[in-house]
Amino acid sequence: MPEGAATHPGPFAEALFTDLYELTMAQAYAAEAMDEVAVFELFFRKLPAQRNYVVAAGLADVLDYLEHVRFSDDDLAYLRGHGGFTDAFLERLRRLRFTGDVHAVPEGTVVFPNEPVVQIVAPIIEAQLVETYLLNQVHFQSVAATKAARCVLAAAGRTVVDFGSRRAHGIDAALKVARTSYIAGAAGTSNVLAGKRYTIPIFGTMAHSYVQAHADEAAAFAAFARLYPDTTLLVDTYDTLAGVDRVIDLARTLGDAFAIRAIRLDSGDLGALAAAARQRLDRAGLTRVKIFASSGLDEHEMQRLVAAKAPIDGFGVGTKLAVSRDAPDLDFAYKLVAYAGRPRTKLSAQKVIYPGQKQVFRRVRDGRMAGDVLGLHDEPGEGEPLLEPVMRSGRRLVAGRVSLDAAREHAGRELARLPDLWRSLAPAQRAYPVHTSRALNETLSTLTKQRQRAS
């Protein structure tokens, strides 16, 4: 089922979610009768020190927005009251619809610096006005997907669940963390709205408050198990191993009716407690009861626990996933690379823009990524082209209607074929190879010389 079908209350389509200068530039373009087709590309310039790759995400929301964005009467009244906008321009905004084409890498694709993630090919006013929303969604969701992918890889096949909603930076962020975590391979989320909206599994049983509200821990466990026989019991409210013993006592009391699926550890030395709990459960014949761990986890702590062979079957990851604490931002930019059929560039120090609409060609050797080439979109290239058309004339194509499960499968394949050097949580000793084609270099050189002569 296409993402959001029948479960989504409707796409975000607020045209005023933009920076003021997008509107002032749009009016200036209109005043100068500049409405030729422009090409803008969304990419990041460099990786954070703690990252070897980025998992691209956010495309589905971008396409929803482009299909539905409108300036309402209230929007236009606000702009009229703000001042600085002519009636003729406001009327143009009233009629404005996105009519352009979009090329993008599929969600879940592993990408590297300077590689376009999304390309907008549209009349310049349309292409300019959508910049803020595109950056907002692709930037954050790619940050979150990348953090989640690292957690999933660190778990080495164990279950990972997003627990981060209460610490995320707002409701939209919490939902998008759940969404992108699922793309990256997490089993699901604790957030019920995210489960409904994106049709992904939801997880959760009890908090410490439930145990505290009862006269004693054993009574809390027994009452909860009567209502939810196959639940997970939180055992660390008072004394973790004593809590495990009470689960064992409950199993003896219930006999064949005992169906508790797992216990959860949420404090202390998780590795040592898991080992001790596993030993007690196994001695009691409860080998099928799993151990789930939470409490301040990130990919590094999960990797340490896995390496130590801690008998933990799953992880709930919260704050450090939701805010991507070690790398909360990426150097994403949205830049004009062509206008009116001519390539354009910027020559600012350390921020040179490769001109012209581009394609990324990925070479694969023995099932593993072997290097990318950034070239012009219409030049023959060696390798798999990553960017594909997902929207034409303002309407999504089949490639733009990929389900969340399909994006998740794609991300899994991408991460599986990423060489170990760059899959590692540790910073790689060398960057993944991304080269520029001769034709692209020549185009940049020609424009650079032209600008130098003009100055």
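Note that the structure is a prediction, hence the values are computed from the model and not measured. (Residues numbered from 1 in each chain as written. Predicted model: local features only at pLDDT ≥ 70, side-chain atom pairs only at ≥ 80, totals over all residues. Heavy atoms only, no water.)

*Asks:* Even after reading the chapter, I still don't get unusual backbone geometry, so can you show me in this structure?
*Replies:* You will see that alanine 340, though not glycine, has its phi angle at about 55°, which is positive. Locating alanine 340 in the fold gives a position in the loop between strand 12 (332-339) and strand 13 (342-343). Overall, alanine 340 belongs to the partly exposed group, its relative accessible area being 35%. For aspartate 366, which is not glycine, the phi torsion reads 55° and is therefore positive. (Helix = DSSP H or I, 4+ residues; strand = E, 2+ residues; numbered from the N terminus. Buried < 20%, exposed > 50% of the residue type's maximum accessible area, 1.4 Å probe, protein only.)

*Asks:* How do you make sense of the packing of aromatic side chains when you look at a structure like this?
*Replies:* How two aromatic rings sit relative to each other is set out by the distance from centre to centre and by the angle between their planes. For the structure on display, the rule yields 12 aromatic pairs. Measuring from centroid to centroid gives 5.8 Å for phenylalanine 163 and phenylalanine 292, while their planes differ by 40°, and the two rings are tilted. Taken together, the residues span a long stretch of sequence, with phenylalanine 163 in the loop between strand 6 (159-162) and helix 7 (171-184) and phenylalanine 292 in strand 10 (residues 290-293) at a distance of 129 residues. According to the relative accessible area criterion, phenylalanine 163 is partly exposed, its value standing at 25%. Relative accessible area serves as the criterion here: at 15%, phenylalanine 292 is assigned to the buried category. Note on tryptophan 422 and tyrosine 432: the rings are 5.4 Å apart at their centroids and 80° apart in plane angle, and the pair reads as edge-to-face. Placement of the pair is tryptophan 422 in helix 16 (residues 420-423) and tyrosine 432 in the loop between helix 16 and strand 19 (434-436), with a sequence separation of 10 residues. Judged by its relative accessible area of 6%, tryptophan 422 is buried. Connected via pairs of aromatic rings, a cluster forms that spans Phe12, Phe17, Tyr65 and Tyr133. Arginine 179 extends its terminal NZ or CZ atom over the ring of tyrosine 198, reaching a point 6.0 Å from the ring centre. Across the ring face of tyrosine 182, the terminal group of arginine 408 is positioned such that the distance to the ring centre comes to 4.2 Å. (Phe/Tyr/Trp six-rings, centres within 6.5 Å; stacked < 30°, edge-to-face > 60°. Lys NZ or Arg CZ within 6 Å of the ring centre and 35° of its normal.)

*Asks:* Explanation requested: the packing of helix 2 (residues 59-68) against helix 6 (residues 131-155) in the structure shown.
*Replies:* Each pair of packed helices can be summarised by the angle the axes make with each other and by the distance between the axes. Across the interface, helix 2 lies against helix 6 with an axial gap of 9 Å and an inter-helix angle of 165°. Between helix 2 and helix 6, the interaxial angle falls into the category roughly antiparallel. As helix 2 packs across helix 6, the resulting crossing turns out to be right-handed. Here helix 2 contributes Asp61, Val62, Tyr65 and Leu66 to the contact with helix 6, which in turn contributes Tyr133, Leu134, Gln137, Val138 and Gln141. (Axes fitted to C-alpha atoms, helices over the stretch in contact; angles between N-to-C directions. Parallel < 35°, antiparallel > 145°, perpendicular 65-115°, else oblique. Left-handed = near helix turned anticlockwise from the far one by under 90°. Contact = heavy atoms within 4.5 Å.)

*Asks:* In this structure, what is going on with empty space enclosed by the protein? I would like to understand it.
*Replies:* Where empty space is left can be seen by rolling a probe of water-molecule size over the atoms. Under the criterion given, the structure shown has four cavities of 30 Å³ or more. Counted as a void, the largest cavity has a volume near 110 Å³. In terms of residue class, the lining of the largest cavity is made up of eight nonpolar, no polar and two charged. Its boundaries defined by the atoms lining it, the second largest cavity holds a volume of some 60 Å³. Considering the residues around the second largest cavity, the lining is formed by Glu41, Phe43, Asn114, Val337, Val352, Ile353, Tyr354, Lys358 and Leu374. When its residues are assigned to classes, the lining of the second largest cavity shows six nonpolar, one polar and two charged. (1 Å grid on protein atoms, 1.4 Å probe; cavity = no way out; pocket = protein on both sides within 12 Å on 5 of 7 lines; lining within 4 Å. Points joined across faces, edges and corners; volume = space filled by probe spheres on them. Nonpolar A, V, L, I, M, F, W, Y, C, P; charged D, E, K, R; others polar.)

*Asks:* Sorry, what's going on with the sheet that holds strand 12 here?
*Replies:* Whenever strands of a sheet pair, they do so through backbone hydrogen bonds, lying parallel or antiparallel. Strand order in this open sheet of seven strands is 13-12-1-5-3-17-18, and the pairing throughout is antiparallel. Where the open sheet ends on each side, the last strands, each with one partner, are strand 13 and strand 18 (395-396). By the bridge criterion, two bridges tie strand 17 (residues 388-392) to strand 18 in an arrangement that is antiparallel. When the bridges of strand 18 are listed, arginine 392 appears paired with arginine 395. Contacts between helix 6 and the sheet are confined to strand 1 (37-44), strand 5 (118-123) and strand 12, with strand 12 contributing the most and set at about 135° to the helix. (Pairing = 2+ DSSP bridges.)

*Asks:* Before we go on, may I ask you to explain the packing of helix 6 against helix 13 (residues 299-307) in this structure?
*Replies:* Between helix 6 and helix 13, whose axes approach to 8 Å, the crossing angle comes to 5°. Classified by the interaxial angle, the pair formed by helix 6 and helix 13 is roughly parallel. Here Lys147, Arg150, Cys151, Ala154 and Ala155 of helix 6 lie close against helix 13, whose contacting residues are Glu299, His300, Met302, Gln303 and Val306.

*Asks:* Before we go on, may I ask you to explain the environment of alanine 251 in this structure?
*Replies:* Relative to the helices and strands, alanine 251 resides in helix 11 (residues 240-254). C-alpha separation for the pair alanine 251 and leucine 286, spaced 35 residues apart in sequence, amounts to 8.4 Å. If near-sequence neighbours (up to four positions away) are discounted, alanine 251 is found in contact with Phe258 and Leu286.

*Asks:* Sorry, what's going on with the layout of surface pockets here?
*Replies:* Size it by volume and the largest pocket reaches roughly 1,000 Å³. Taken together, 35 residues line the largest pocket, and the ones lying closest to its centre are Phe163, Arg264, Phe292, Ser294 and Gly316. Counting residues per element, the ones that place at least two in the lining of the largest pocket are strand 6, strand 8 (232-234), strand 9 (262-265), strand 10, strand 11 (314-317) and helix 14 (319-322). Top contributing element to the lining of the largest pocket by residue count: strand 10, with three residues.

*Asks:* Is there a simple way to explain the pairing of strand 1 in this structure?
*Replies:* Residues in a regular strand point their side chains to alternate faces of the sheet. Counted residue by residue, strand 1 has seven buried out of eight residues, so it is predominantly covered. As judged from the six bridges shared by strand 1 and strand 5, these two strands associate in the antiparallel manner. Each bridged residue has a counterpart across the sheet, and for valine 37 the counterpart in strand 5 is proline 123. Of the strand pairs in this sheet, strand 1 and strand 12 are connected by seven bridges, and their pairing is antiparallel. Along strand 12, the bridge assignment pairs valine 39 with alanine 338.

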